[in-house]
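Architecture and fold: a report
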Amino acid sequence: MLRKPPSDVLTALRNEVSFHCPAPTAAGICGSPFLTWHHFDPPWHVEHHHRPEGMIALCREHADKADNGSYTDDQLRRFKAFAADSAASVRGEFSWMRNKLIARMGGNFYVDTTILVAVTGLPLVWFERNKHGELMLNYRLSGQRAVITNNSWEIAQEELQEVICKPGGRSLDVRHLDGSRLKVVFSEHVNRAAFRKSYPVLGEDAIPLADSDFPVTVVDVTSVRPVGTFQLHPGWTALSNGSKLRDHWFFGNRIALELGLPLVPAGLSSRQLQMLAEARVRANRGRASRA
């Protein structure tokens, strides 16, 4: 038997503690959403098992303390019993900040783009820079109960089904009972070959990056909601007129997708959509050069 529990056990453990570490601290409870697990009744070295009643989800720091005997079995059971009442929302942050960051959102790539999605100029998904010039992600799409503000995220507990954010801190996967989902993943690609391996649908001539651009950091954003026709699926962006955009590259845009204006006429072929996307890139480059 592997020490890592099956996915259904991990899901049960995370749900049991309302997706945050229930270990007590001087300020109240830990509250970290970056969870691992601890076997305590009995410990793993006594019996190899994955019974949720004898396990608890904790952050890595408090799981290490539990492994070293900091808490009694009765204390751990108390942590489990009262965890659901100890947090109104789940909070965390991404430590990934870079001076240059490529966004892959809804199957399309955005380079040197400040605002990825906006409604009549109001940003919904965008980047801001800190005092060091490093980019931070912001997310405010309607129909989602999750928000991201300069890499810090918060998720409402209402109808929350699952939150997965491993201790490594490079990803967040949020699902609600109404079918909405937000997934954010940061990744580093050391060269063109590594980039192509991660995105195999792209041919060699479909990666408009120079070898000198590598290594590159990519943030992948997927956002599917129960309402609205605009959706950011893993492999494509569904637009409000029923059209789809996929595998397009946007360079140097201030605003890439403006939802308050007609993005594309209905009924365009894939080739026409590609031509339209290329025209948008050229237009943005032209405006940038005249600025």
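As shown above, the structure is provided for reference.
Notes on the structure in this doc start here. Being a predicted model, the structure only gives us computed values, none of them experimental. Within every chain, residues take consecutive numbers counted from 1 along the sequence as written. Owing to the predicted nature of the model, reporting of local features is limited to residues with pLDDT of at least 70; listing and counting of side-chain atom pairs is limited to 80 or more, with chain, interface and lining totals taken over all residues. Working from all heavy atoms in the structure, the side-chain values ignore hydrogens and water.

**Details of the overall build of the protein chain**
On a plain count of helices and strands, the protein chain comes out with 5 helices and 21 strands. Partitioning the contacts of the protein chain with sequence separation of at least 6, the portion at a separation of at least 24 is 59%. Here the accessible surface of atoms and residues is derived via Shrake-Rupley with a 1.4 Å probe, and residues count as covered only by protein chains that are part of the display. Summed over all atoms, the accessible surface of the protein chain reaches about 14,500 Å², with 53% contributed by carbon and sulfur. Numbering goes from the N terminus for both helices and strands, where a helix is a DSSP run of H or I of at least four residues and a strand is a run of E of at least two. Should any heavy atoms of two residues lie within 4.5 Å, those residues are considered in contact.

**Some remarks on a positive patch on the surface**
Each patch is built from residues that are more than 30% exposed by relative accessible area and take part in no salt bridge. Like charges join if they lie within 9 Å; nonpolar side chains (Val, Leu, Ile, Met, Phe, Trp, Tyr) join within 5 Å. Should a side-chain nitrogen of Lys or Arg be within 4 Å of a carboxyl oxygen of Asp or Glu, the pair is scored as a salt bridge. Charged-residue counts in this description rest on Lys and Arg as positive and Asp and Glu as negative, His and the chain ends being excluded. Charge positions are represented by NZ for Lys, CZ for Arg, CG for Asp and CD for Glu. Judged by side-chain charge, Lys 4, Lys 166, Arg 170 and Lys 183 come together as a positively charged surface patch. Positionally, Lys 4 belongs in the segment before helix H1 (7-16).

**Some details on the environment of Ser 95**
Looking at the element boundaries, Ser 95 is found in the loop between strand E5 (89-93) and strand E6 (102-105). Each residue is assigned to one of three classes by its accessible area relative to the maximum for its type, calculated with a 1.4 Å probe on protein chains only: buried under 20%, partly exposed between the two thresholds, exposed over 50%. Taking the relative accessible area as the measure of exposure, Ser 95 reaches 57% and is therefore exposed. Counting along the chain gives 74 residues from Ser 95 to Gly 169, while the straight-line C-alpha distance between them is 7.3 Å.

**With respect to the environment of Arg 91**
Tracing the chain through its elements places Arg 91 in strand E5. On the basis of relative accessibility, which here comes to 51%, the residue Arg 91 falls in the exposed class. In this structure the C-alpha to C-alpha distance between Arg 91 and Phe 19, which are 72 residues apart in sequence, comes to 9.5 Å. Those residues in contact with Arg 91 that sit more than four places away from it in its chain are Gly 31, Pro 33, Trp 153 and Glu 154. A 3.5 Å cut-off defines polar contacts: any pair of N or O atoms within that distance qualifies, except that in protein one atom must be a possible hydrogen donor and the other a possible acceptor, and neighbouring residues in sequence count only when both atoms are side-chain atoms. Reaching out from Arg 91, the side chain makes a polar contact with the side chain of Glu 154 at a distance of 3.3 Å.

Honestly, it's all geometry; don't read function into it.
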